[in-house]
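These are the residues of each chain, in order.
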Amino acid sequence: MTLRRTAFQGVTGILQNSWFTGFLRGRIWRGSSKAVCIPGLNCYSCPGAWGSCPIGSLQAVFNRASDRISMYVAGLIGLLGIVLGRLVCGWLCPFGLIQELLYRIRSRKVRIGPTRLRFLKYAVLAVLVILMPLLVRDRFGVGDPWFCKLVCPAGTLEAALPLLALNASLRGAAGWLFVWKASLLVATLAASVVMYRPFCRFVCPLGAIYGLFNRVSFVQLTLNEDTCTHCGACVAVCRMAVDPSHDPASAECIRCSDCVAVCPVHALSLGLPSAQRKQRTVID
Amino acid sequence: MSSRACWQTFPPGRSTVSTRVRVLQVFLLVLATLGIVAGAMNGEVRTVITKAINVCLQCIGIG
């Protein structure tokens, strides 16, 4: 299951960033497909990106002097959230894949259980993605995308590094802000080697939004309580520190389905609940 | 046989939850769709595409 998911993540990640001309010429795609947000955290200034980053787009509308509410982008994110929840994080986010691949490097691993640090991503969402872009403006009434500007390591990796490598003029303009963002990127990537998806668990505002939909999304991780023996196999395999036998709809669950694969009594299933009922009937 | 999923047990202890959550799902789906349409009519698509087709200097640590 893990390899199948990795392959799926790889294919979707490449498809989302497959304007290869951009990587050769140091430019970004300027077509109409950029009007649509892609599901995961993927910088729209990545030279290969066909679509827009949902978090960047959300801030762009907040930044507009004439508007205060972003209905279009919020609607797109909400639509994905209500259908898939954090399945997007586990299956469709290129930056999540990068962190997972780094975690496969042989090294000592640090396993952090449920911690209050998980709430940091909600603070990042509230302060850097919503409040500051709405409230902090220049004399022309225009704001900044503060999360992108101060934090986003995906933007540094996917956009800054290739664009600065290919454009001398951009390279010349890079200053302390780039150094700060590059430092955050290095810290994130280094942490990813020893810890599973640290950015997703503690920082990502998009994961925070999708997590809020986990309890009501159409796609669900479902537990059959009659079958579950509470053996703890699912808890042991979950690297997001979720206990699927207690709370299968946890906001931290990225629906990677590792717990489904490891359950010895097939008490867990992932999918649309109506389809799952049929499946259980067959098993029973 | 009893099975548990969030859409059946949230909030816990209520027998009518499944229907309520299904209503909530449909409500949120409609709300999201209406948001997309309303935002598009409000010119947000132009804002998004204008931002996206130009190199985001903030994203690359210059702006």
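Owing to the predicted nature of the structure, the values given are computational and were not obtained by experimental measurement.

Please clarify how the overall build of chain B should be interpreted in this entry.
Across its full length, chain B holds three helices and zero strands. Tracing chain B from N to C terminus, the helices and strands come up as α-α-α. Working note: accessible area of chain B is about 3,400 Å², and carbon and sulfur atoms make up 68% of it.

How should the overall build of chain A be read in this particular structure?
Check the secondary structure of chain A and you find 16 helices and two strands. A compact globule built from 284 residues should have a C-alpha radius of gyration of about 19 Å, and chain A, at 20 Å, falls within 12% of that. For chain A, the spread of C-alpha atoms along the principal axes amounts to about 65 × 45 × 35 Å. Across the 284 residues of chain A, 56% fall into the buried class. Accessible surface, chain A: about 12,300 Å² in total, of which carbon and sulfur atoms supply 68%. When the 30 positive and 12 negative side-chain charges of chain A are each reduced to one mean point, those points stand 9 Å apart.

Whenever I open this one, the state of the cysteines confuses me. Can you help?
By definition, a disulfide links two cysteine residues through a covalent bond between their sulfur atoms. All names here are of chain A. For the coordinates displayed, the defined rule picks out one disulfide over all chains. Considering cysteine sulfurs only, Cys-53 is the nearest to Cys-37, which forms no disulfide, with 7.5 Å between them. Its sulfur unpaired, Cys-238 is 6.2 Å from the next cysteine sulfur, which belongs to Cys-256.

What am I meant to see in the domain arrangement of chain A here?
Size of an interface: often given as the accessible area lost when the parts come together. Residues and elements named next belong to chain A. Domain annotation of chain A identifies domain 1 (2-212) and domain 2 (219-283). Measuring from the centre of the C-alpha atoms in domain 1 to the corresponding centre in domain 2 gives 28 Å. Facing 23 residues of domain 1, the contacting portion of domain 2 comprises 17 residues. Summing both sides of the interface, domain 1 and domain 2 together bury roughly 1,500 Å²; the carbon and sulfur share of this comes to 52%. Looking only at domain 1, the three residues that lose the most surface to domain 2 are Arg-86, Arg-111 and Tyr-196, adding up to 34% of its buried area. Counting the contacts that link domain 1 with domain 2 gives one salt bridge. Note that Lys-121 is salt-bridged to Glu-252, the shortest N-O span being 3.0 Å. There are seven residue pairs in polar contact (both at pLDDT 80 or more) connecting domain 1 and domain 2. Contributions of two or more residues to the side of domain 1 that touches domain 2 are made by helix 1 (2-16), helix 4 (71-84), helix 5 (87-91), helix 6 (94-103) and helix 7 (120-135). Ranked by residue count, the leading element in the side of domain 1 that touches domain 2 is helix 5, at four residues.

It is not clear to me how the packing of aromatic side chains should be interpreted in this structure. Could you clarify?
Ring pairs (aromatic) are described by centroid distance and by the angle formed between their planes. Residues and elements named next belong to chain A. Applying the stated criterion across every chain yields a total of six aromatic pairs over all chains. Each ring, one from Trp-29 and one from Trp-50, has its centre 4.7 Å from the other, and the planes form 65 degrees; the classification is edge-to-face. Taken as a pair, Trp-29 in the loop between helix 2 (20-25) and helix 3 (54-63) and Trp-50 in the loop between helix 2 and helix 3 lie far apart in primary sequence, 21 residues in all. Of the residues examined, Trp-29 reaches a relative accessible area of 24% and is grouped as partly exposed. Members of the aromatic cluster, each reached through a chain of ring pairs, are Trp-19, Trp-29 and Trp-50. One residue, Lys-109, lies across the ring of Tyr-103, its end atom 4.6 Å from the ring centre.

Sorry, what's going on with the side chain of A:Lys121 here?
Residue and element names in this part refer to chain A. Take Lys-121: it is sitting in helix 7. The exposure class of Lys-121 is buried, given its relative accessible area of 0%. Among the polar contacts listed, one links the side chain of Lys-121 to the backbone oxygen of Arg-118, at a separation of 3.1 Å. A polar contact of 2.8 Å, which involves the side chain of Lys-121, links it to the backbone oxygen of Arg-201. Not counting residues up to four positions away in its chain, the partners in contact with Lys-121 are Arg-86, Cys-200, Arg-201, Phe-202, Val-203, Cys-204, Pro-205, Ala-208 and Glu-252.

Quick question: what am I supposed to make of the packing of helix 3 of chain A against helix 13 (residues 205-213) of chain A here?
All names here are of chain A. Relative orientation of the contacting elements helix 3 and helix 13 amounts to 95 degrees, with a least axis distance of 9 Å. Taken together, helix 3 and helix 13 sit at an angle that is classed as roughly perpendicular. Listed contacts from helix 13 to Pro-54, Ile-55 and Leu-58 of helix 3 are Pro-205, Leu-206 and Ile-209. Here the residues of the contact of helix 3 with helix 13 sort into six nonpolar, no polar and no charged.

Would you mind going over a nonpolar patch on the surface with me for this structure?
On the surface, a nonpolar cluster with roughly 340 Å² of combined accessible area is contributed by A:Val127, A:Leu131, A:Leu135 and A:Val136. Tracing the backbone shows A:Val127 in helix 7.

Is there a simple way to explain the nonpolar core in this structure?
Side chains of a nonpolar character, in soluble globular proteins, are inclined to be buried together. Residues and elements named next belong to chain A. Of all hydrophobic cores here, the largest spans 76 residues; its most connected members are Leu-41, Ile-55, Val-73 and Phe-147. Looking at this core, the element that brings in the most residues is helix 4, giving six residues. Of the domains in this structure, domain 1 (2-212) and domain 2 (219-283) are the two that each give at least three residues to this core. For Phe-147, the contacting residues outside a window of four places in its chain are Ile-55, Gln-59, Val-124, Leu-128, Val-129, Cys-152, Phe-199 and Pro-205.

Procedures and definitions
- Residues numbered from 1 in each chain as written.
- Chains lettered and ligands numbered in written order.
- Predicted model: local features only at pLDDT ≥ 70, side-chain atom pairs only at ≥ 80, totals over all residues.
- Heavy atoms only, no water.
- Helix = DSSP H or I, 4+ residues; strand = E, 2+ residues; numbered from the N terminus.
- Areas by Shrake-Rupley, 256 points an atom, 1.4 Å probe, with all protein chains shown as cover.
- Rg over C-alpha atoms; globule rule 2.2 N^0.38 Å.
- Buried < 20%, exposed > 50% of the residue type's maximum accessible area, 1.4 Å probe, protein only.
- Lys, Arg positive; Asp, Glu negative; His and termini not counted.
- Charge placed at Lys NZ, Arg CZ, Asp CG, Glu CD.
- Disulfide = S-S within 2.5 Å.
- Domains from an automatic or database assignment.
- Contact = heavy atoms within 4.5 Å.
- Buried area = accessible area lost by both parts, 1.4 Å probe.
- Salt bridge = Lys/Arg side-chain N within 4 Å of Asp/Glu carboxyl O.
- Polar contact = N/O pair within 3.5 Å; in protein donor to acceptor, adjacent residues only side chain to side chain.
- Phe/Tyr/Trp six-rings, centres within 6.5 Å; stacked < 30°, edge-to-face > 60°.
- Lys NZ or Arg CZ within 6 Å of the ring centre and 35° of its normal.
- Axes fitted to C-alpha atoms, helices over the stretch in contact; angles between N-to-C directions.
- Parallel < 35°, antiparallel > 145°, perpendicular 65-115°, else oblique.
- Nonpolar A, V, L, I, M, F, W, Y, C, P; charged D, E, K, R; others polar.
- Patch = residues over 30% accessible without salt bridge, like charges linked within 9 Å, V, L, I, M, F, W, Y side chains within 5 Å.
- Core = buried A, V, L, I, M, F, W, Y, C linked by side-chain atoms within 4.5 Å.

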